[in-house]
Amino acid sequence: MRFLLDAMLGDLARILRMCGHDAAYCLDRDVEADDDVRALALDEGRVLLTRDEQLAARTPDSILVRSKDTDEQLRELRDAGVSLELAAGERCGACNGRLERVASDAPRPEYVPDDVSPVWRCRDCGQWFWQGSHWDDVRTRLRF
């Protein structure tokens, strides 16, 4: 699914990206006003995820997220039918760009451990990813 998350759901955007969803975050696009958020969701054919009841009511294909707690938000999305299975190597947690797998013998930035594989790099922002302790933490959070 393709999502647009409003300004109150930044943490949720990163987790959805780890699940392979195309999860655009409105603040990454410098969009915050309700009318602009709504227009962006409609223009790009995205399901709007928002905590704003009025915005959700005015936007077709939106999902109202009621909780402030990220784990509760994940439960709400699961209950709404959103798949929350981790999907390594698909989306950048930072910018939502597509990831590409990096050859095991390719030079790595200093912050990437030498003993991990596979490793991915974002095609858009260049950030590197691997399945480390953060991945395990999110996997645990997704076990409802």
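Refer to the structure printed above.
Residues numbered from 1 in each chain as written. Predicted model: local features only at pLDDT ≥ 70, side-chain atom pairs only at ≥ 80, totals over all residues. Heavy atoms only, no water.

Caption draft 1: Main features of the overall build of the protein chain. When helices and strands are counted, the protein chain shows five helices and seven strands. Moving toward the C terminus, one meets the helices and strands of the protein chain in the order β-α-β-α-β-α-β-α-β-β-β-α. Relative to a compact globule of 144 residues, whose C-alpha radius of gyration would be 15 Å, the protein chain shows 16 Å and is just as compact. Reported as C-alpha extents along the three principal axes, the dimensions of the protein chain are approximately 50 × 30 × 20 Å. Relative to its 144 residues, the protein chain shows a buried fraction of 42%. Considering only contacts within the protein chain whose residues lie at least 6 apart along the sequence, 45% involve residues at least 24 apart. Counting every atom, the protein chain has about 8,000 Å² of accessible surface; 42% of that belongs to carbon and sulfur. Here the protein chain contributes 21 positively and 29 negatively charged side chains, and the mean placements of these two sets differ by 3 Å. (Helix = DSSP H or I, 4+ residues; strand = E, 2+ residues; numbered from the N terminus. Rg over C-alpha atoms; globule rule 2.2 N^0.38 Å. Buried < 20%, exposed > 50% of the residue type's maximum accessible area, 1.4 Å probe, protein only. Contact = heavy atoms within 4.5 Å. Areas by Shrake-Rupley, 256 points an atom, 1.4 Å probe, with all protein chains shown as cover. Lys, Arg positive; Asp, Glu negative; His and termini not counted. Charge placed at Lys NZ, Arg CZ, Asp CG, Glu CD.)

Caption draft 2: Geometry of the sheet that holds strand β4 (residues 62–64). Taken in spatial order, the four strands line up as β2-β1-β3-β4 in an open sheet, and their pairing is parallel. In the strand order of this sheet, the two ends are held by β2 (22–25) and β4, each with one partner. Averaged over all adjacent pairs, the angle separating strand axes in this sheet is 25°, with direction ignored. With three bridges connecting them, strand β3 (residues 47–50) and β4 associate as parallel partners. Each bridged residue has a counterpart across the sheet, and for L48 the counterpart in β4 is S62. Where helix α1 (residues 10–18) meets the sheet, it contacts β1 (2–5), β2 and β3, and its direction lies at approximately 160° from that of β2. (Pairing = 2+ DSSP bridges. Axes fitted to C-alpha atoms, helices over the stretch in contact; angles between N-to-C directions.)

Caption draft 3: Inspection of the nonpolar core at higher detail. Membership of the largest hydrophobic core comes to 22 residues, with the highest contact counts inside it found for L5, L16, L49 and L77. If you list the elements that add at least two residues to this core, you get β1, α1, β2, β3, α4 (70–79) and α5 (133–141). Ranked by residues supplied to this core, first place goes to α1 with five residues. Core analysis: the next-biggest nonpolar cluster, separate from the first, contains nine residues, L4, V37, L40 and L55 among them. (Core = buried A, V, L, I, M, F, W, Y, C linked by side-chain atoms within 4.5 Å.)

Caption draft 4: Molecular detail of the layout of surface pockets. Size it by volume and the largest pocket reaches roughly 420 Å³. Lining of the largest pocket is provided by 25 residues; of these, M18, G93, F129, H134 and W135 occupy positions nearest its centre. (1 Å grid on protein atoms, 1.4 Å probe; cavity = no way out; pocket = protein on both sides within 12 Å on 5 of 7 lines; lining within 4 Å. Points joined across faces, edges and corners; volume = space filled by probe spheres on them.)

Caption draft 5: The arrangement of the packing of aromatic side chains in detail. Evaluated as defined, the whole model comprises one aromatic pair. Here Y111 and W130 contribute two aromatic rings whose centre-to-centre distance is 6.3 Å and whose plane-to-plane angle is 35°, an arrangement assigned as tilted. On the criterion of sequence distance, the pair formed by Y111 in the loop between β5 (99–102) and β6 (119–122) and W130 in strand β7 (residues 128–130) is long-range, its members being 19 residues apart. Residue classification places Y111 among the partly exposed positions, given a relative accessible area of 47%. Its relative accessible area of 26% is what places W130 among the partly exposed residues. (Phe/Tyr/Trp six-rings, centres within 6.5 Å; stacked < 30°, edge-to-face > 60°.)

Caption draft 6: Here's a closer look at unusual backbone geometry. With an omega of 0°, the peptide bond between S117 and P118 qualifies as cis. You will see that D61, though not glycine, has its phi angle at about 55°, which is positive. As for its position among the elements, D61 is in the loop between α3 (53–58) and β4. Residue class for D61 comes out exposed when judged on its relative accessible area of 60%. One non-glycine residue, N96, lies in positive phi territory at about 80°.

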